[in-house]
Amino acid sequence: MKFYPSIFNDCLSPIYPGPSSSNTAAPYRLGIMATDMLDGKPAHMYCEMSKSGGYFATFYGLHSDKGFLVGVLRKDMLTYDYERAYADAESEGLTYEFDFTDNVPAMPSEAAWMSLTSNTGDKLFVKTVSLGGGEIYIDNLDGIKTYIDGKYYYLLVRVSTKNASDIEKRIDLPYTCAEDGRGMSLITVRSREAYSRELLSDLRAATGVVYARCVNPVYDILPIEEPDMPFTTAKEMFDYAAQKKIPVWQAALDYERAISGLDDEKLMGFAENLWDLTVHAAEEGYKVTKFDGAIIEPHSAQMKALIEQGRTIPLGVGDMATADAFAVKEYGAVHGVIAGMPAGGAAGVPVSTIHHAVKHLGMTKEYGIKALMTAAIIGIFYYPTHYHGAWGCQAEVGISISMTAGAVASLISDDLDVIERAAVLGAQSILGQICDPIEGAGQVPCFLRNITAVPTAIACANAALGGCETLTSLDEMAETLLRVGIKLKTMGLNDMGVCYYDMQCTNKANCACTCGH
């Protein structure tokens, strides 16, 4: 099956308690998926990660520890108080260990090997990966290759290899089968519908079957098998819109409808929910009075007050939009519910910018939601980065600037060339910028870069409207950003020069960093 990224699964996603889509939301999703397969209540979790991987730098600062615990405890992600995670683990009898070793490979950057034991004595082992933007997968169950991405209902049947063919004959859904080389096989089945009790009972009673375990989806959109896509590249999208004589936001709906099977009204409802959620996050962010992390105090409310008092250098639309972007990030820092756009590190940029641009232009909310869909389809063409900071901040805030610039330009002009040039200029403006957290916390540099992203996106939109040339297409820009990101990762250029390993460094005398800890 060929995979096509979804706007609401992969670009404007996930909806989660902050601060990080890849470090907080993804561990939660992985914890939930793993415990779906466990018989009984989780009693012990051992989570092993690489000393050279992405988790090592930010595991505690971005609350990945709480993400894993809350998922394994099976709490509701959107309503649970993450600050209770450790206390509730103790009260519910869940013991745990987070370990950084040389056993787990450094790539993928955020890989975690989880061993779970239940109160009934059941055990399972899974190799998990956080790809970025909340996207996840499990590719090994109990030592056998599999692939579970949370976007379907999955059925895992462990069976003796000699009996595997008998089980395969009973399955009329897409599946794979892998062997462990020791006489056991794992059949992985995926479906857009939940499995019937009759099928599960039949499989569990079959000869040679050790177990049949189900994993529920953790995404809103369950993709159609072999969808008939209207386009897959930016060039094809702009050509499609031109031929159909439709705006970019309608092309975005056509794309997502092909993947999901949902009608335009339902899809626009998803977009409106994301809009309302982000506007609310900004409002609540101004009320935040304290949080843990590298920055001692929240400051968005102070910034807003100075703007309202006329005590700042005017940025026009950018004044309150930058303050709102700041507030969204501060709300996420206290586990307020936000939406990744295209990842948690850029959650404050698109809606805040579009919202205030729409107000300034005297337009209605409907125009803003359509512009958000324009931003989303632009973001889709950067999907190969998975919007992950491993490829630099350019892959989070940089892509968000590109999305937002194209969206803001679309409020003024229907010219497809203008919209594309605005998006490309947005990406060019931050190409090569690194992701460099301090003390393991995402407040630096994400807060600052959400603030500066707003006027940058507006300036790029204005430049495109003024005829500024890019000399490159959106497809070429996306390829360039990924190519530069790979170089940044390969060369290890994600370090501001400050020790951000402090929280994981248990032996200060032998700390590998150079900051004096």
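Residues numbered from 1 in each chain as written. Predicted model: local features only at pLDDT ≥ 70, side-chain atom pairs only at ≥ 80, totals over all residues. Heavy atoms only, no water.

Trainee: What is the right way to look at the pattern of salt bridges in this model?
Mentor: Any two side chains of opposite charge can pair, so long as their charged atoms come close to each other. With the rule as written, the count across this model stands at 22 salt bridges. The closest approach of N and O atoms between D202 and R170, which form a salt bridge, is 3.1 Å. A residue pair is termed long-range when its members are at least 10 positions apart, and D202 in helix 7 (residues 197-204) and R170 in the loop between helix 6 (161-168) and strand 9 (175-179) qualify at 32 residues. Overlapping salt bridges bring together D122, D142, R158, D180, R182 and R213 as one network. (Salt bridge = Lys/Arg side-chain N within 4 Å of Asp/Glu carboxyl O. Helix = DSSP H or I, 4+ residues; strand = E, 2+ residues; numbered from the N terminus.)

Trainee: So what exactly am I meant to see when it comes to helix 4 (residues 64-72) here?
Mentor: Among the nine residues of helix 4, nine are classified as buried, and the element is accordingly described as predominantly covered. Those residues of helix 4 lying buried are S64, D65, K66, G67, F68, L69, V70, G71 and V72. Once helix 4 finishes, R74 follows within two positions and takes phi at roughly 60°, a positive value. (Buried < 20%, exposed > 50% of the residue type's maximum accessible area, 1.4 Å probe, protein only.)

Trainee: How should the packing of aromatic side chains be read in this particular structure?
Mentor: Note on aromatic pairs: each is described by the distance of the centres and the angle between the planes. Taken as a whole, this structure holds 19 aromatic pairs when the rule is applied. Residues F59 and F98 carry aromatic rings whose centres are separated by 5.1 Å and whose planes lie at 65° to one another, so their mutual orientation is edge-to-face. Remark: F98 occurs in strand 3 (residues 95-101) and F59 occurs in the loop between helix 3 (54-58) and helix 4; sequence separation between them is 39 residues. Assigned by exposure class, F59 and F98 land together as buried. Clustering of aromatic rings is evident, with ring pairs tying together Y55, F56, F59, Y60, F68, Y86, Y96, F98 and F100. The positively charged end of K151 is found above the aromatic ring belonging to Y219, 5.1 Å away from the centroid. Geometry around Y211 places R213 over its ring, the cationic atom sitting 3.8 Å from the centre. (Phe/Tyr/Trp six-rings, centres within 6.5 Å; stacked < 30°, edge-to-face > 60°. Lys NZ or Arg CZ within 6 Å of the ring centre and 35° of its normal.)

Trainee: Would you mind going over the packing of helix 8 (residues 234-244) against helix 9 (residues 248-260) with me for this structure?
Mentor: The relative placement of two packed helices is expressed as an angle between their axes plus a distance between the axes. Put simply, helix 8 and helix 9 touch, their axes get as near as 9 Å, and they point 110° apart. As far as their axial angle goes, helix 9 and helix 8 are roughly perpendicular. Helix 8 and helix 9 meet at a crossing whose hand is right-handed. Side by side, helix 8 and helix 9 meet where M237, F238 and Y240 of the first sit next to V248, A251 and D254 of the second. (Axes fitted to C-alpha atoms, helices over the stretch in contact; angles between N-to-C directions. Parallel < 35°, antiparallel > 145°, perpendicular 65-115°, else oblique. Left-handed = near helix turned anticlockwise from the far one by under 90°. Contact = heavy atoms within 4.5 Å.)

Trainee: Help me out: how do you make sense of the side chain of T404 in this one?
Mentor: Structurally, the position occupied by T404 is in helix 15 (residues 397-412). Ignoring sequence-local partners within four residues, the contact set of T404 consists of V349, P350, T353 and A457.

Trainee: Sorry if this is basic, but what is going on with the environment of A376 here?
Mentor: Mapped onto the secondary structure, A376 falls in helix 14 (residues 365-380). In this structure A376 comes out as buried when scored by relative accessible area, which is 0%. As a C-alpha pair, A376 and D324 span 52 residues in sequence and 20 Å in three-dimensional space.

Trainee: Where do I start with helix 12 (residues 318-333) in this structure?
Mentor: Helical geometry: 3.6 residues make up each α-helical turn, so side chains three or four residues apart lie on a common side. For helix 12, spanning 16 residues, the distance from its first C-alpha to its last is 22 Å, which sits close to the expected 22 Å at 1.5 Å a residue. The buried count for helix 12 comes to 16 of 16 residues, which makes it a mostly enclosed element. H335 sits one or two positions beyond helix 12 and adopts a positive phi of about 65°. (Expected span 1.5 Å × (residues − 1).)

Trainee: Help me understand the sheet that holds strand 2 (residues 42-50), please; the structure alone is not making it clear to me.
Mentor: Adjacent strands of a sheet pair through backbone hydrogen bonds, lying either parallel or antiparallel. Spatially, 3-2-4-5-6-7 is the arrangement adopted by the six strands of the open sheet, whose pairing is mixed. The outermost strands of the open sheet, each flanked by one partner alone, are strand 3 and strand 7 (144-148). Taken over all neighbouring pairs, the strand axes of this sheet differ in orientation by 25° on average, direction set aside. Summarising the sheet, strand 6 (residues 135-141) and strand 7 pair through three bridges and their orientation is antiparallel. Its bridge partner being in strand 7, N140 is matched across the sheet by K145. Packed onto the sheet, helix 2 (residues 21-36) meets strand 2, strand 4 (110-118), strand 5 (123-132), strand 6 and strand 7 and runs at close to 40° relative to strand 6. Across the face of the sheet, helix 4 comes into contact with strand 2, strand 3 and strand 4 while running at roughly 150° to strand 2. (Pairing = 2+ DSSP bridges.)

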